[in-house]
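# Structure at a glance
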Amino acid sequence: MKKEQKIDLVKYWRYMFLGYMMLAWIVLVFFMDKSEWTLIPAFFAYLVVSAIVCHAYFIGMIGNFYYFVRKPDKAKIFYAKAVKMKTRNVKALYNYALDALHEGHAEEALGIFQRAEKINTKALFDKLIPLAISSCYWVLGDIDKAIETIETLMEKYTYINPNTLTTLAYFYMLKNDFDKAEELTNKALNDNGEYAPAWDNLGQIHYFKNDFEKAEEYFMKALSYRGSMTESLYYMGLIEKSKGNNEKALEYLQKAGSGYISALSTVKKEDIDKAMAELA
């Protein structure tokens, strides 16, 4: 079966822009003997026409701008409009869907990620989108599909970053395949020995194997690189509780509860609240 050829519309837009500006120079400067300053209004005229013709893509670009300058609320407004208008702006689709996924709207996010994947032509998003899709399947409860998605990605590329390896390892941990989970996590750490989520993975693997001493060692390692690591803080709270150190346990749990928790966090706010309530 022949692979579908994707069209890079942005590349074509650039070629058209270069062609247009060359034609404008030939007509305005060479033939009409106008000043090269007349190319400035010609340039803006092209942008205006582009914004009108490619309005959905352009609105996505505005969202990307607000995202870049760290104004996520404004970015989200334009992203929502662009998505509704069926934009082909992959970055806008990806950012909007990722935000939806973190908010717990995995089904909506999955559809948008899949749309972005069909039209994407950039190598960066060729890796990022499948990873996000796998997380959608995980949130939706389909662990096998989540694993399949990442393993398909791994077949395409010789290099897979620690984040992707750690995510896949976590999915295997959920299936109680601790050997595979540990193998992948160690591979991630061989690439980046300071990657906190990978150390947290090892901590969880040993925690669920009831090896609390080793688990504590790995959780503390994770916290040495990222002190706000919610999962490591939570499990350290449970470990301290099991030792009867309720005051220390509460300290860990309170810190865990005060951090950022999204739909992609492997520990939920309810888990933390329940653990703290049991200390009362």
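Residues numbered from 1 in each chain as written. Predicted model: local features only at pLDDT ≥ 70, side-chain atom pairs only at ≥ 80, totals over all residues. Heavy atoms only, no water.

## A word on the nonpolar core
Formally: By convention a nonpolar core is built from buried Ala, Val, Leu, Ile, Met, Phe, Trp, Tyr and Cys residues, the set being connected through side-chain atoms within 4.5 Å. Each residue's exposure class comes from its accessible area (1.4 Å probe, protein chains only) as a fraction of the maximum for that residue type: buried when under 20%, exposed when over 50%, partly exposed otherwise. Residue contacts are counted whenever heavy atoms from the two residues lie within 4.5 Å of one another.
Within the largest apolar cluster, 52 residues are counted, with the highest numbers of intra-cluster contacts made by Ala109, Phe113, Ile129 and Phe171. Leave out the neighbours within four places in its chain, and Phe171 touches Ser134, Ser135, Trp138, Ile143, Ala146, Ile147 and Ile150. Grouped together as the second largest cluster of nonpolar side chains are 20 residues, Ala215, Ala249, Val267 and Ile272 included.

## Details of the packing of helix H4 (residues 72-84) against helix H5 (residues 90-102)
For clarity, the threshold we go by: Axis lines are fitted to C-alpha atoms, over the contacting stretch for helices. Their N-to-C directions set the angle, which ranges from 0 to 180 degrees. Each helix corresponds to a stretch of at least 4 residues labelled H or I by DSSP, and each strand to a stretch of at least 2 residues labelled E; elements are numbered beginning at the N terminus. For classification, angles of less than 35 degrees are called roughly parallel, those exceeding 145 degrees roughly antiparallel, those between 65 and 115 degrees roughly perpendicular, and all remaining angles oblique. Crossing chirality is assigned from the near helix's rotation relative to the far helix, an anticlockwise turn below a right angle marking it left-handed and a clockwise turn marking it right-handed. Any residue that is not Ala, Val, Leu, Ile, Met, Phe, Trp, Tyr, Cys, Pro, Asp, Glu, Lys or Arg is counted as polar, Gly included; the first ten are nonpolar and the last four charged.
Axis separation between H4 and H5 bottoms out at 10 Å; the angle between their running directions is 110°. Considered as vectors, H4 and H5 are oriented roughly perpendicular to each other. You can see that H4 and H5 cross each other, and the crossing is left-handed. Here Lys76, Tyr79, Ala80 and Val83 of H4 lie close against H5, whose contacting residues are Ala92, Leu93, Asn95, Tyr96 and Asp99. Grouping the amino acids of the contact of H4 with H5 by side-chain chemistry returns six nonpolar, one polar and two charged.

## Some remarks on unusual backbone geometry
One non-glycine residue, Lys86, adopts positive backbone phi at about 60°. Within the secondary structure, Lys86 is located in the loop between H4 and H5. Judged by relative accessible area, Lys86 falls into the exposed class, the value being 60%. A positive phi angle, close to 65°, is found at Asn176, a residue other than glycine. With respect to the secondary-structure elements, Asn176 resides in the loop between helix H9 (162-174) and helix H10 (178-191).

## What about the pattern of salt bridges?
Selection rule: Any Lys or Arg side-chain nitrogen found within 4 Å of a carboxyl oxygen on Asp or Glu counts as a salt bridge.
Summed over the entire model, instances satisfying the criterion amount to 11 salt bridges. Linking Glu103 and Lys76 is a salt bridge whose minimum nitrogen-to-oxygen distance equals 2.8 Å. A residue pair is termed long-range when its members are at least 10 positions apart, and Glu103 in the loop between H5 and helix H6 (106-119) and Lys76 in helix H4 qualify at 27 residues. A salt bridge links Lys269 to Asp273; its shortest N-O distance comes to 3.1 Å.

## Digging into a nonpolar patch on the surface
The test is simple: Any residue with relative accessible area above 30% and no salt bridge may belong to a patch, with like charges joined within 9 Å and the nonpolar Val, Leu, Ile, Met, Phe, Trp and Tyr side chains within 5 Å. For the accessible areas, the method is Shrake-Rupley and the probe is 1.4 Å, while residue cover comes only from the protein chains on display.
Residues Leu23, Trp25, Ile26, Val27, Phe30, Phe31 and Met32 make up a contiguous nonpolar surface patch of roughly 720 Å² in combined accessible area. Assessed through its relative accessible area of 45%, Met32 is described here as partly exposed.

## Topic: the confidence of the model for the protein chain
The criterion, for reference: For every residue, the predictor assigns a confidence score, pLDDT, that lies between 0 and 100.
With 90% of its residues at a pLDDT of at least 70, the protein chain reaches an overall mean of 90. For the protein chain, per-element mean pLDDT is lowest for helix H2 (residues 39-53), which scores 68, and highest for H10, which scores 98.

## A closer look at helix H11 (residues 196-208)
Cut-off, in case you're wondering: What a helix is expected to span follows from its residue count: subtract one and scale by 1.5 Å.
Along its 13 residues, H11 runs 18 Å from first to last C-alpha, staying within 8% of the 18 Å computed at 1.5 Å per residue. Summarising burial for H11: 12 of the 13 residues are buried, a large majority. Looking at the buried residues of H11, the elements they touch are H9, H10, helix H12 (212-225) and helix H13 (230-242).

## With respect to the packing of aromatic side chains
As a reminder of what qualifies: Within 6.5 Å between ring centres, the rings of Phe, Tyr and Trp (the latter by its six-membered ring) count as paired, and their orientation is classed by plane angle as stacked under 30 degrees, edge-to-face over 60, tilted in between. Lysine and arginine charges are scored as sitting over a ring when NZ or CZ, respectively, is within 6 Å of the ring centre and within 35 degrees of the ring normal.
Here the structure, examined in full by the defined rule, presents 14 aromatic pairs. Centroid distance Tyr207 to Phe212: 5.1 Å. Interplanar angle 45°. Geometry classified as tilted. A residue is classified by how much of its surface remains accessible, and Tyr207, at 15% relative accessible area, is buried. Aromatic pair Tyr207 and Tyr235: ring centres 4.9 Å apart, planes at 55°, arrangement tilted. Here Tyr235 lies in helix H13 and Tyr207 lies in helix H11, a separation of 28 residues in the sequence. With respect to burial, Tyr207 and Tyr235 carry one shared label: buried. Here the aromatic residues Tyr207, Phe208, Phe212, Phe219, Tyr234 and Tyr235 are joined through ring pairs into a cluster of three or more. Here the guanidinium or amino end of Lys127 rests over the ring plane of Tyr157, the centre of that ring lying 4.7 Å away. In this structure, Lys180 packs its charged tip against the face of Tyr172, placed 6.0 Å from the ring centre.

## Overview of the side chain of Thr149
What counts, and what does not: We define a polar contact as two N or O atoms separated by no more than 3.5 Å, with the added condition that, inside protein, one atom must be a possible hydrogen donor and the other a possible acceptor, whereas residues neighbouring each other in sequence contribute only through side-chain atom pairs.
Structurally, Thr149 is set in helix H8 (residues 143-156). We classify Thr149 as buried; its relative accessible area is 16%. A distance of 2.7 Å separates the side chain of Thr149 from the backbone oxygen of Lys145, its partner in a polar contact. Apart from residues no more than four positions distant in its own chain, Thr149 is found in contact with Pro130, Ile133, Ser134 and Tyr137.

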